[in-house]
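Read off the chains here:
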Amino acid sequence: MKKRTNCIILDDEPFAVKLVADYVSKVPQLNLVYAGSDVFKAIEILNNEAVDLIFLDIQMPQLTGIELMQLFNQRHNFIIISAYPQYALEAYQFHVVDFLLKPVTFNRFYQSIEKYNRWLRTFQHTDTDNFLFVKADRKHYKIATESILYIEGLKDYIRIHTSDEKIMVLENMKDILDKLPASQFVRIHRSYIIPLDKMKIIEGNQIRMTDGTCLPIGETYRKLVSEWVDRK
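Residues numbered from 1 in each chain as written. Predicted model: local features only at pLDDT ≥ 70, side-chain atom pairs only at ≥ 80, totals over all residues. Heavy atoms only, no water.

Q: For unusual backbone geometry, give the residues involved together with the corresponding values.
A: Cis geometry is found at the peptide bond from K102 to P103, where omega equals -5 degrees. Checked against the element boundaries, P103 lands in the loop between β5 (96–101) and α5 (106–123). In this structure, K155 takes a positive phi of about 60 degrees despite not being glycine. Tracing the chain through its elements places K155 in the loop between β8 (148–154) and β9 (157–162). (Helix = DSSP H or I, 4+ residues; strand = E, 2+ residues; numbered from the N terminus.)

Here it is, written out as structure tokens:
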């Protein structure tokens, strides 16, 4: 059986919430977890339940749609439903699958669901461990995991160092680590993730990689690195 898509609707207009909820009920793939205007209720759900897709308005009084996407961008996909087309450009820096202008017809809504399904098949991390898909500079990059030399954390961004290039991604270290195969990658520092097959020498509190780069082992991660070495 095909997995259903858990979704929420967040909009401060009751009519818009009711309309989109009605559309969702007509698509068997979709499972509505929450529909309403309470941003903080939505945040609680997003922090505690598996939600795949968020139908989101931009202008809301408690927290704007942009601010919500800043909080949850790397873990969720969004379909924006707004009366203001000027927000489209800003919104697309996040994981926005589609931008729907109010009033939304069912036909246009259904097109966005089909677009979401295509997006999943094309860009999201698959069950194989061979590739990582990331979004940077409004482009989607398919990165062979075997080409990753190491990943560097830079405040709100990460820099993926590969054998061919360096890619800056708006992502945090925890979320990118969750997307990588656990058997192949380990976090050695709050600012560094390495592929285990590129580790060459452990020298005190540093790891020398196969390309010659020396990276520090953070105090918190020494035990994890030691356990991995002992298993080998």
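Q: Which residues make up helix α3 (residues 65–72), and what values do they have?
A: Residues three or four positions apart in an α-helix share a direction because the helix packs 3.6 residues into each turn. Burial in α3 covers these residues: G65, I66, L68, M69 and F72. When α3 is viewed along its axis, its buried side chains cluster within an angular range of 160 degrees and face the same direction. Those residues of α3 that are exposed and aimed more than 90 degrees away from the buried face are Q70 and L71. Each element contacted by the buried residues of α3 is listed here: β1 (5–10), α2 (39–48), β3 (53–56), β4 (77–82), α4 (88–91) and β5. (Buried < 20%, exposed > 50% of the residue type's maximum accessible area, 1.4 Å probe, protein only. Arc of directions from axis to C-beta. Contact = heavy atoms within 4.5 Å.)

Q: Which residues make up the sheet that holds strand β13 (residues 199–203), and what values go with them?
A: Note on sheets: strands pair through backbone hydrogen bonds, and any given pair is parallel or antiparallel. Strand order in the open sheet made by the 3 strands is β13-β14-β15, with antiparallel pairing throughout. Because the sheet does not close on itself, it has two edges, and the strands there are β13 and β15 (214–216). Ignoring strand direction, the axes of neighbouring strands in this sheet form an average angle of 30 degrees. Of the strand pairs in this sheet, β13 and strand β14 (residues 206–209) are connected by 4 bridges, and their pairing is antiparallel. Note that in β14 the partner of M199 across the bridge is M209. (Pairing = 2+ DSSP bridges. Axes fitted to C-alpha atoms, helices over the stretch in contact; angles between N-to-C directions.)

Q: Would you mind going over the nonpolar core in detail, with residue names and values included?
A: Proteins that are soluble and globular tend to have nonpolar side chains buried together. Judged by nonpolar contacts, the single largest core of 26 residues is most densely connected at I8, L10, L56, L68, M69, F78 and I80. Counting residues per element, the ones that place at least two in this core are β1, α2, β3, α3, β4, α4 and β5. Contact partners of L10, with chain neighbours within four places excluded, come to Y34, G36, S37, D38, V39, A42, F55, L56, D57, M60 and L68. Of all hydrophobic cores here, the second largest spans 18 residues; its members include A21, Y23, F109 and Y116. (Core = buried A, V, L, I, M, F, W, Y, C linked by side-chain atoms within 4.5 Å.)

Q: I'd love a proper account of helix α1 (residues 14–25), names of residues and values included.
A: A rise of 1.5 Å per residue sets the reference length of α1, with its 12 residues, at 16 Å; its end C-alpha atoms lie 16 Å apart and thus fit the reference within 8%. The set of residues buried in α1 consists of A16, V17, V20, A21, Y23 and V24. Buried residues along α1 cover an arc of 160 degrees about the axis, so they all sit on one side. Along α1, the residues that are exposed and aim more than 90 degrees away from the buried face are P14, F15, K18 and S25. (Expected span 1.5 Å × (residues − 1).)

Q: Provide a residue-level description of the environment of L71, including the pertinent values.
A: By secondary structure assignment, the location of L71 is in helix α3. Owing to a relative accessible area of 51%, L71 belongs among the exposed residues under this scheme. Residues L71 and I43, 28 residues apart in the sequence, show an inter-C-alpha distance of 9.2 Å. Setting aside residues up to four positions removed in sequence, L71 forms contacts with I43 and L63.

Q: Could you give an account of the packing of aromatic side chains, with specific residues and numbers?
A: Applying the stated criterion across every chain, the model contains 7 aromatic pairs. Between the aromatic rings of F106 and Y110, the centroid separation amounts to 6.0 Å while the plane-to-plane angle is 35 degrees, which identifies the pairing as tilted. Residue F106 and its partner Y110 are both found in helix α5; the two are separated by 4 residues, about one turn of the helix. For F106, a relative accessible area of 29% corresponds to the partly exposed category. Look at Y110 and you get partly exposed, because its relative accessible area is 36%. Among the aromatic side chains, those forming a connected cluster through ring pairs are Y23, F55, F106, F109 and Y110. It is K142 that lies over the ring of F131; its NZ or CZ is 4.1 Å from the centre. (Phe/Tyr/Trp six-rings, centres within 6.5 Å; stacked < 30°, edge-to-face > 60°. Lys NZ or Arg CZ within 6 Å of the ring centre and 35° of its normal.)

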